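As a plain string of letters, each chain reads:
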Amino acid sequence: MSDTEKDAALFMGLILMFHAAAMQHLGKTKNPLSDKVERSLEQAQFVIDTLDTLQKKTKGNLTDEEARFLTNAIKELKLNYVEELSKDQDPPSADGGEKKE
């Protein structure tokens, strides 16, 4: 494995670690230590902001594949964040079910 390939693999691994942490904070995956689903939108936002900063700081320094990977990870996390945020803002319906459009 060349240094370039190793660097790409390490970069992708870093993005995946941040992604996994954010998904855990969004309550989408279990915390492996407690084996419970825990949600902290504040922590999730911090991870997303960190990835946004990483994207800004590495702009022009990534391969097309790395840039796409990072962009897609950020988009997915932001969509999930908005979904979780909307759960807090939408009052439950009177029958206890989900809101119907």
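This text follows the structure it describes.
Residues numbered from 1 in each chain as written. Predicted model: local features only at pLDDT ≥ 70, side-chain atom pairs only at ≥ 80, totals over all residues. Heavy atoms only, no water.

Description of the nonpolar core
Soluble globular proteins tend to pack their nonpolar side chains together in the buried interior.
Point 1. Among the nonpolar cores identified, the biggest contains 15 residues, and I15, L26, L51, L70, L77 and Y81 are the most heavily contacted of them.
Point 2. Elements with a contribution of two residues or more to this core: α1 (3-25), α2 (41-58) and α3 (64-89).
Point 3. Excluding residues within four positions of it along the chain, L51 makes contact with I15, F18, L70, I74 and L77. (Core = buried A, V, L, I, M, F, W, Y, C linked by side-chain atoms within 4.5 Å. Buried < 20%, exposed > 50% of the residue type's maximum accessible area, 1.4 Å probe, protein only. Helix = DSSP H or I, 4+ residues; strand = E, 2+ residues; numbered from the N terminus. Contact = heavy atoms within 4.5 Å.)

Section: α1
Point 1. Compared with the 33 Å implied by 1.5 Å per residue over 23 residues, the 33 Å span of α1 between its first and last C-alpha is a close match.
Point 2. Buried within α1 are the following residues: F11, M12, I15, H19, A22, M23 and Q24.
Point 3. Phi for G27, located one or two positions after α1, is positive at around 80°. (Expected span 1.5 Å × (residues − 1).)

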